[in-house]
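# Report on the structure
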Amino acid sequence: MANANGPMGEEGRSIPQTTNPMVTPLLTDLYQFTMAYAYWKAGKHLDRAVFDLFYRKNPFGGEYTVFGGLEECIRLIANFKLKEEEISFLRSVMPTCEDGFFDYLRAIDCSDVEVYAIPEGSVVFPKIPLMRIEGPVAVVQLLETPFVNLVNYASLVTTNAARHRFVAGKSKNLLEFGLRRAQGPDGGISASRYCYMGGFDSTSNVAAGRLFGIPLRGTHSHAFVSSYMGHDEIIGKALQSHDGSSTCEDFVSLVQAWLGKIQWTDSLRGVFGETNQSELAAFTSYALAFPNNFLTLVDTYDVMRSGVPNFCAVALALNDLGYKAVGIRLDSGDLAYLSIEARKFFQAIEKEFSVPSFGKMNITASNDLNEETIDALNKQGHEVDAFGIGTNLVTCYAQPALGCVFKLVEINNQPRIKLSEDVTKVSIPCKKRCYRLYGREGYPLVDIMTGGNEPPPKVGERILCRHPFNESKRAYVVPQRVEELLKCYWPGYSDKSREELPSLEKIRDRCMKHLSQMRPDHMRRLNPTPYKVSVSAKLYDFIHFLWLSEAPVGELQ
């Protein structure tokens, strides 16, 4: 726990282990340990290094990302300690290394590491460090792979969820149904957590519900409906009324009576004829089991000729006993058309039988939904109240990885730069401070990086913001509000106070707040306006000075 291996939180509270027990110091690439040995062998392992964790391009063709995974990174370093059996394994795969190196590994923890990060759930942008990690170079190097692993997928799927929330709108219920299609158990658990953080309302994943307190939703599958052959399979037919004052001894007969009434209703005559009775038996059985939460899948046989009428018969029978059915789920077909027709049917029932709010019955749609299909449904017009989304959400089918990187920017107070023929891969050197500048309308205008010793931007004072690598791209900004982005989440031996790790609910609230603060043209699905990321004039000059100092000078023959 944190009290054994590092600083304690406020009031002495320790930080728990990582959610996934597979996240240990060995969850890294071999070259991190080979570099650690080379540092140790050269006597450089205690050199004070600064690394930035950032990404280069926003995913899904958008212009923003939501930062996720910070809490798991802090949990890892709070409990970072190699076990004896892990050291024995490393000795077996690195047999030429000296014994002293393994004694060194046995002693290390993260008590001398400092972590500064943008709060989890924040909207973030390329090049800006999501995390700055400072500490002995060998130890921090061992954190590179697990940190990138923990941040990459978490940020990607949170962003995917936020994009689905944006296109669905605030009023729709979003249900994450991705467990069965996720990339393994950890992919499923992580997806449920970060989709909730990104704006989804609930999950079908029971384990995630238990671990993270995410609301659970789920009813039944097509198999449940098709498993019934008829009403004679229903053994217990009695159902007590909602207030407990009476009991209907034959709920099955009550349902059948209501189906007959619907069939003879003038306003619905010709919409359907004989419904599938085995489906009706399945719905009736499910209502007997869950009278307070009756929501059925209505497309096993035929939505409008069987599923919806059968649902209504059971819902009206429940209504007689004081219960209120929840609604239906559509999992195939033309979702726009079927939702509209189902809504008309419900409204006709409400009018015909004077059942208040029956016309507002919930309609949930699923069936390989993604951003594009929801956007298309919105343009067509539909009556869907909730979307159940799985495969395209949790697998991030539109883009498989975010592409976070972990770059050395300073060692022993000496700034370092990584050069490349591809200018997008040139790193921004030195320990930096990062700020978000807001305009008069309350929207963020630009993120700016400055050198660690530069004075911060001030409200009402003009500051020159420069593109890091393009000298012609520059603008003066007069900020109306200035927000420093990097907070201390692991102070090491410094005297800085540590930010507490908030609950998942609070992170979700931050995410929703940040997304609502963004300018609409940065958020739109098609051709969004790029958000500006800049450096101060002083940092710009230093980047290019260091670039010229480090780049070899060619020679023409």
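Bear in mind that the values here come from a model prediction, so they are computed numbers and not experimental data.

This part covers the sheet that holds strand β16 (residues 432-438). Ordered in space as β19-β18-β22-β17-β16-β20, the 6 strands form an open sheet in which the pairing is mixed. The open sheet terminates on both sides in strands that have one partner only, identified here as β19 (474-477) and β20 (481-484). Within this sheet the neighbouring strands show an average axis-to-axis angle of 35°, counted without direction. In this fold helix α18 (residues 537-550) packs onto β16, β17 (444-451), β18 (463-466) and β22 (532-536), with an angle of close to 80° to the strand it touches most, β22.

Put simply, the protein chain has an average pLDDT of 95, and 98% of its residues get 70 or more. Counted against residues more than four places away or in other chains, residues 1-13, with its pLDDT under 50, gives 36 contacts.

When β18 meets β19, the two strands line up antiparallel, connected through 4 bridges. Within β19, the position partnered with Arg466 by the bridge is Arg474.

With that settled, consider the nonpolar core. Met131, Phe251 and Phe311 are the most contacted members of the largest nonpolar core, which totals 163 residues. Counting residues per element, this core draws most heavily on helix α6 (residues 137-168), which supplies 17 residues. Residue-level mapping places this core at the junction of two domains, with at least three residues from each of domain 1 (10-161 + 399-550) and domain 2 (219-384). Once residues lying within four places of it in the same chain are set aside, the contact partners of Met131 are Phe51, Asp52, Leu53, Phe67, Leu70, Cys73, Val115, Tyr116, Ala117, Phe147 and Val151. Residues Tyr435, Val446, Ile448 and Val477 belong to the second largest nonpolar core, which totals 7 residues.

So, on to the sheet that holds strand β15 (residues 414-415). The 6 strands are arranged β15-β14-β1-β5-β3-β21 in an open sheet whose pairing can be described as antiparallel. Looking at the sheet topology across the chains shown, the edges are occupied by β15 and β21 (487-490). Sheet strands in contact with helix α3 (residues 70-78) are β3 (114-117), β5 (131-136) and β21, and its direction is about 45° off that of β21.

Turning our attention to the UniProt feature "domain: Nicotinate phosphoribosyltransferase N-terminal" (unreviewed entry) in the protein chain. According to UniProt, the feature "domain: Nicotinate phosphoribosyltransferase N-terminal" (unreviewed entry) maps to residues 26-152 in the numbering used here. Helix makes up 44% of residues 26-152 and strand 17%, with an end-to-end C-alpha separation of 18 Å.

Quick look at the packing of α6 against helix α14 (residues 371-380) now. One can describe the packing of α6 onto α14 by two numbers: an axis separation of 9 Å at closest approach and a directional angle of 5°. Our classification of the angle between α6 and α14 gives roughly parallel. Counting all contacts with α6, which are made through Asn160, Arg163, His164, Val167 and Ala168, the residues of α14 involved are Glu371, Ile374, Asp375 and Asn378. For the contact of α6 with α14, the residue count by class is 3 nonpolar, 3 polar and 3 charged.

So, about the UniProt feature "domain: Nicotinate/nicotinamide phosphoribosyltransferase" (unreviewed entry) in the protein chain. When the UniProt feature table is mapped onto this chain numbering, "domain: Nicotinate/nicotinamide phosphoribosyltransferase" (unreviewed entry) sits at residues 198-425. Split by type, residues 198-425 is 39% helix and 14% strand. Its first and last C-alpha atoms lie 28 Å apart.

We now examine empty space enclosed by the protein. The full count for this structure, using the stated rule, is 1 cavity of 30 Å³ or more. Here the largest cavity is characterised by a volume of approximately 100 Å³. Partitioned by chemical class, the residues of the lining of the largest cavity number 6 nonpolar, 2 polar and 5 charged.

Note that Pro457 resides in the loop between β17 and β18. According to the relative accessible area criterion, Pro457 is buried, its value standing at 10%. Residues Pro457 and Phe200, spaced 257 residues apart in sequence, show a C-alpha to C-alpha distance of 36 Å. Look past the residues within four positions of Pro457 in its chain and what remains in contact with it is Tyr435, Leu437, Ile448, Ile463 and Val482.

Take the packing of aromatic side chains next. Applying the stated criterion across every chain yields a total of 17 aromatic pairs. Taken together, a centroid distance of 5.9 Å and an interplanar angle of 25° make the contact between Tyr37 and Trp40 stacked. Taken together, the residues Tyr37 and Trp40, both in helix α2 (residues 30-41) and 3 residues apart, mark about one turn of the helix. The rings of Tyr37, Trp40, Phe101, Phe102 and Tyr104 are connected pair by pair, giving a single aromatic cluster. In this structure, Arg132 packs its charged tip against the face of Tyr116, placed 4.4 Å from the ring centre. The ring of Tyr476 carries Arg462 above its face, with NZ or CZ at 3.8 Å from the centroid.

What follows concerns a nonpolar patch on the surface. Side chains of Leu30, Phe89 and Val93 sit close together on the surface and give an oily, nonpolar patch of about 280 Å² of accessible area. Assignment of secondary structure puts Phe89 in helix α4 (residues 84-93). Under the relative-accessibility criterion, Phe89 is labelled partly exposed at 48%.

So, about the packing of helix α11 (residues 277-289) against helix α12 (residues 303-320). With their axes 9 Å apart at the nearest point, α11 and α12 run at an angle of 35° to one another. As α11 runs across α12, the sense of the crossing is right-handed. Contacts from Glu279, Leu280, Phe283, Thr284 and Ala287 in α11 reach Ser306, Gly307, Asn310, Phe311, Ala313, Val314 and Leu318 in α12. Broken down by class, the residue content of the contact of α11 with α12 amounts to 7 nonpolar, 4 polar and 1 charged.

The rules behind the values
- What you see as residue numbers is a count from 1 along each chain, following the sequence as written.
- Residues qualify for local features only when their pLDDT is at least 70, as the model is predicted, and side-chain atom pairs are given and counted only at 80 or more; totals for whole chains, interfaces and linings, by contrast, use all residues.
- To get the side-chain values, take all heavy atoms of the structure and skip hydrogens and water.
- Strand pairing is assigned whenever DSSP identifies at least 2 bridges connecting the two strands.
- Secondary structure elements are defined from DSSP: runs of H or I of at least 4 residues count as helices, runs of E of at least 2 residues count as strands, and each element is numbered from the N terminus.
- Between N-to-C directions, angles cover 0 to 180 degrees, with each direction set by a line fitted to C-alpha atoms, over the stretch in contact for helices.
- Between two residues, a contact is recorded if the distance between any of their heavy atoms is within 4.5 Å.
- pLDDT gives the predictor's per-residue confidence on a scale running from 0 to 100.
- Note on terminology: a nonpolar core comprises buried Ala, Val, Leu, Ile, Met, Phe, Trp, Tyr and Cys residues joined through side-chain atoms within 4.5 Å.
- The buried label applies to any residue whose accessible area, calculated with a 1.4 Å probe on protein chains only, is under 20% of its type's maximum; exposed applies above 50%, and partly exposed to all values in between.
- The domain limits used here are those given by an automatic or database domain assignment.
- UniProt positions are given in the numbering used here, feature names are shortened, and annotations may be inferred rather than shown by experiment.
- Our angle categories are set so that under 35 degrees counts as roughly parallel, over 145 as roughly antiparallel, 65 to 115 as roughly perpendicular, and the remainder as oblique.
- Asp, Glu, Lys and Arg are counted as charged, while Ala, Val, Leu, Ile, Met, Phe, Trp, Tyr, Cys and Pro are counted as nonpolar; the rest, among them Gly, fall into the polar class.
- A 1.4 Å probe that fits but cannot get out identifies a cavity on a 1 Å grid over protein atoms alone, an open set with protein on both sides within 12 Å along at least five of seven lines counts as a pocket, and a residue lines either if it has an atom within 4 Å of a point.
- Grid points are joined across faces, edges and corners, and a volume is the space filled by probe spheres set on the points.
- Paired rings are identified among Phe, Tyr and Trp, the last through its six-membered ring, by centres lying within 6.5 Å, and are further divided according to the angle between planes into stacked (under 30 degrees), edge-to-face (over 60) and tilted (the rest).
- Look at NZ for Lys and CZ for Arg. If either is within 6 Å of the ring centre and within 35 degrees of the ring normal, a charge sits over the ring.
- To count toward a patch, a residue needs a relative accessible area over 30% and no salt bridge; like charges are then connected within 9 Å, while nonpolar side chains (Val, Leu, Ile, Met, Phe, Trp, Tyr) are connected within 5 Å.
- What sets the accessible areas is the Shrake-Rupley method with a 1.4 Å probe; for residues, cover comes only from the shown protein chains.
- Salt bridges are identified by distance alone: a Lys or Arg side-chain nitrogen within 4 Å of an Asp or Glu carboxyl oxygen.
- Crossings are sorted by hand: turned counterclockwise from the far helix by less than a right angle, the near helix makes the crossing left-handed, and turned clockwise it makes it right-handed.

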